[in-house]
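# Descriptive structure summary
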Amino acid sequence: GDRAARINPRFDGSHYACTLAASIDTAPGMARQRRYLRRMGLYACDVAQEALAHAALRRGEPGGSGMCTPERLGLFFGYGGLRAHWDDLMPAFEQQHADAHSAWQHGLTLLHPFWMLQHLSNNAHAIAAQELQARGDGATYGGANAGAQALSAAIRALAAGAVDVALVVAYDTLIEPEMLVELAARGVLNCAREAASVAAPYAANACGFIPGEAAAALVLQRPQPGSLACVQALAAGDGSAQEAQAATLARLASKLARPGDWFDGAGLAESAFDMQEREALARIAGSDTPLTCTLSAMGQTGAASSLVQAIALLELLQRRMLAPVAGLAQMVAGPMQVLTQATPCSARSAVALSSGAPGLAAAVRVALV
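One structure accompanies this document, and this report is about it. Please read all numbers here as calculations on a predicted model, not as lab measurements.

Calculation notes
Residues numbered from 1 in each chain as written. Predicted model: local features only at pLDDT ≥ 70, side-chain atom pairs only at ≥ 80, totals over all residues. Heavy atoms only, no water. 1 Å grid on protein atoms, 1.4 Å probe; cavity = no way out; pocket = protein on both sides within 12 Å on 5 of 7 lines; lining within 4 Å. Points joined across faces, edges and corners; volume = space filled by probe spheres on them. Helix = DSSP H or I, 4+ residues; strand = E, 2+ residues; numbered from the N terminus. Buried < 20%, exposed > 50% of the residue type's maximum accessible area, 1.4 Å probe, protein only. Phe/Tyr/Trp six-rings, centres within 6.5 Å; stacked < 30°, edge-to-face > 60°. Pairing = 2+ DSSP bridges. Axes fitted to C-alpha atoms, helices over the stretch in contact; angles between N-to-C directions. Contact = heavy atoms within 4.5 Å. Parallel < 35°, antiparallel > 145°, perpendicular 65-115°, else oblique. Left-handed = near helix turned anticlockwise from the far one by under 90°. Nonpolar A, V, L, I, M, F, W, Y, C, P; charged D, E, K, R; others polar.

## Remarks on the layout of surface pockets
Here the largest pocket defines a volume of roughly 1,200 Å³. If you go around the largest pocket, you meet 44 residues; those closest to its centre are Ala-217, Leu-218, Val-219, Ile-311 and Leu-314. Within the residue set of the lining of the largest pocket, elements represented by two or more residues are helix 1 (39–58), helix 5 (146–160), strand 6 (213–221), strand 7 (229–237) and helix 10 (305–319). In terms of residue count, strand 6 provides more of the lining of the largest pocket than any other element does, nine residues in total.

Printed below as a string of structure tokens:
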């Protein structure tokens, strides 16, 4: 039930509409790759190595790549998308002349010599593949639902026999200056100045979400002894300029949900959307179905949301416990059993939903085996 939201520790955010953030506290590793990767890409490579090593050790095989041959290890990445990073560009352009005279001397010399390489969308994918000696099929996906796209592609590759093990990684941050300005312009951020006053999703006064960031990784294989859970994922778009509509989330949920599932909501914390989401899910699963919200605790994590939610759902299912919607003291009356406290549960499966702009939606189902 705790929330990660606090005053933005990454930089002085007092002049932004949203001064709160749910950020990663620890510094990334992979120091030798800092020439090519920015901070979130380094985290992505960190979790890729950790996930593969952990999965191999569970099988009693020391060493991360011992699970299969390098040629049969697939790598699938989800990334928020190409963005112009202001901390790089502003120093390089603030002293430029209108006629671009002596542009190099007036600031372009401040750009890192590998600046273009650092902006490649498949940079982290390439470096992780090199570090892990992963030479199987794979791809990099972009956008707010890129994690679900990567999961879905990995599942299909396994089903087709293209790879024996698929490592799925997704990473994104919504707390950089360029993202805070964009999100504020769309009116989707919570503008509270203190974490204690942030209204949670499904609350009467819900008025926007807290931006977060994450890097997450899952190791997938075809069902066999020792597997923890079965994962399914879907991604879609509805053409909206804003976050995907509740009806789009419901369409994905209807394709994945099975009797007995509980739900992890999108957590946009916008009153009208929250109620539409609840009503749509109630038509699929019934008004008494439990509804929680992982992203209320961790902030919106963009392209990484589906993987973050899948990991959280697996933990909750294994513990037979439903987490409350973090920060929710009193919900608005309506359909679905919105949780305000931790609740024991014997269910073995759950569906998580996430939404991003422009009009991108994702759903992931986790079922214990």
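## Quick notes on helix 4 (residues 123–132)
Counting buried positions along helix 4 yields seven of ten residues, so the element is predominantly enclosed. Of all the positions in helix 4, only Asn-123, Ala-124, His-125, Ile-127, Ala-128, Ala-129 and Leu-132 are classed as buried. Downstream of helix 4 by a residue or two, Gln-133 has a phi angle that is positive, lying close to 55°.

## Here's the deal with the packing of aromatic side chains
Under the counting rule described, the total for this entry stands at four aromatic pairs. Taking the centre distance of 5.2 Å and the plane angle of 10° together, the rings of Tyr-36 and Phe-114 count as stacked. On the criterion of sequence distance, the pair formed by Tyr-36 in the loop between strand 2 (20–21) and helix 1 and Phe-114 in the loop between helix 2 (86–93) and helix 3 (115–118) is long-range, its members being 78 residues apart. Residue classification places Phe-114 among the partly exposed residues on the basis of a relative accessible area of 26%.

## Regarding the sheet that holds strand 6
Sheet architecture is open: four strands sit in the order 4-3-5-6, paired in mixed fashion. Each having just a single partner strand, strand 4 (138–142) and strand 6 make up the two edges of the open sheet. If you compare each strand with its neighbour and ignore which way they point, the axes differ by 10° on average. When strand 3 (residues 73–79) meets strand 4, the two strands line up parallel, connected through five bridges. Following the sheet pairing, Tyr-79 is matched in strand 4 by Gly-142. Against the sheet, helix 10 touches strand 5 (165–173) and strand 6, its axis set at about 65° to strand 6.

## Structural notes on the sheet that holds strand 7
Spatially, six strands are ordered 7-14-13-8-9-11 in an open sheet, and the strand pairing comes out mixed. Both edges of this open sheet fall to strand 7 and strand 11 (337–338), since each of them pairs with a single strand only. Across the sheet, helix 5 is in contact with strand 7 and strand 14 (360–368); its angle to strand 7 comes to roughly 125°.

## A look at the environment of Leu-52
Position of Leu-52 among the secondary structure elements: in helix 1. Given the relative accessible area of 2%, Leu-52 is considered buried. Remark: the alpha-carbon pair of Leu-52 and Leu-132, spanning 80 residues in sequence, is separated by 8.8 Å.

## Observations concerning the pairing of strand 14
In the case of a regular strand, side chains alternate between the two sheet surfaces. Counting buried positions along strand 14 gives nine out of nine residues, so the element sits mostly inside the fold. Alternating residues of strand 14 divide into Leu-360, Ala-362, Val-364, Val-366 and Leu-368 and Ala-361, Ala-363, Arg-365 and Ala-367, and every residue in both groups is buried. Alignment of strand 7 against strand 14, held across nine bridges, turns out to be antiparallel. Bridge pairing in strand 14 links Ala-236 to Ala-361. The antiparallel pairing of strand 13 (residues 349–356) with strand 14 creates a hairpin that spans three residues between the two strands, and Gly-359 there sits at a positive phi of about 65°.

## Topic: the packing of helix 7 (residues 246–256) against helix 8 (residues 271–285)
Across the interface, helix 7 lies against helix 8 with an axial gap of 9 Å and an inter-helix angle of 25°. Classified by the interaxial angle, the pair formed by helix 7 and helix 8 is roughly parallel. Pair helix 7 / helix 8 crosses with right-handed handedness. Contacts between helix 7 and helix 8 involve Ala-246, Leu-249, Ala-250, Ala-253 and Ser-254 on the former and, on the latter, Phe-273, Gln-276, Glu-277, Ala-280, Leu-281 and Ile-284. Looking at the contact of helix 7 with helix 8, its residues break down into eight nonpolar, two polar and one charged.

## A look at empty space enclosed by the protein
The probe, sized like a water molecule, is rolled over the atoms to show the empty space still left. With the rule as written, the count across this model stands at two cavities of 30 Å³ or more. Volume-wise, the largest cavity comes out at about 70 Å³. Along its surface, the largest cavity is lined by 13 residues, and Arg-3, Phe-209, Ile-210, Leu-295 and Ser-296 are the ones closest to its centre. The wall of the second largest cavity is formed by Arg-3, Ala-4, Ala-5, Ala-22, Ile-210, Ser-296, Ala-297, Met-298 and Gly-299. For the lining of the second largest cavity, the residue count by class is six nonpolar, two polar and one charged.

## Thoughts on unusual backbone geometry
Of note, the amide linkage connecting Ala-357 to Pro-358 takes the cis form, showing an omega dihedral of -5°. For Pro-358, the location among the structural elements is in the loop between strand 13 and strand 14. Even without being a glycine, Gln-133 presents a positive backbone phi close to 55°. When its relative accessible area of 41% is taken as the criterion, Gln-133 is described as partly exposed. You will see that Met-336, though not glycine, has its phi angle at about 75°, which is positive. Along the chain, the position of Met-336 falls in the loop between strand 10 (321–322) and strand 11. Accessibility expressed as a relative area gives 2% for Met-336, which makes it buried.

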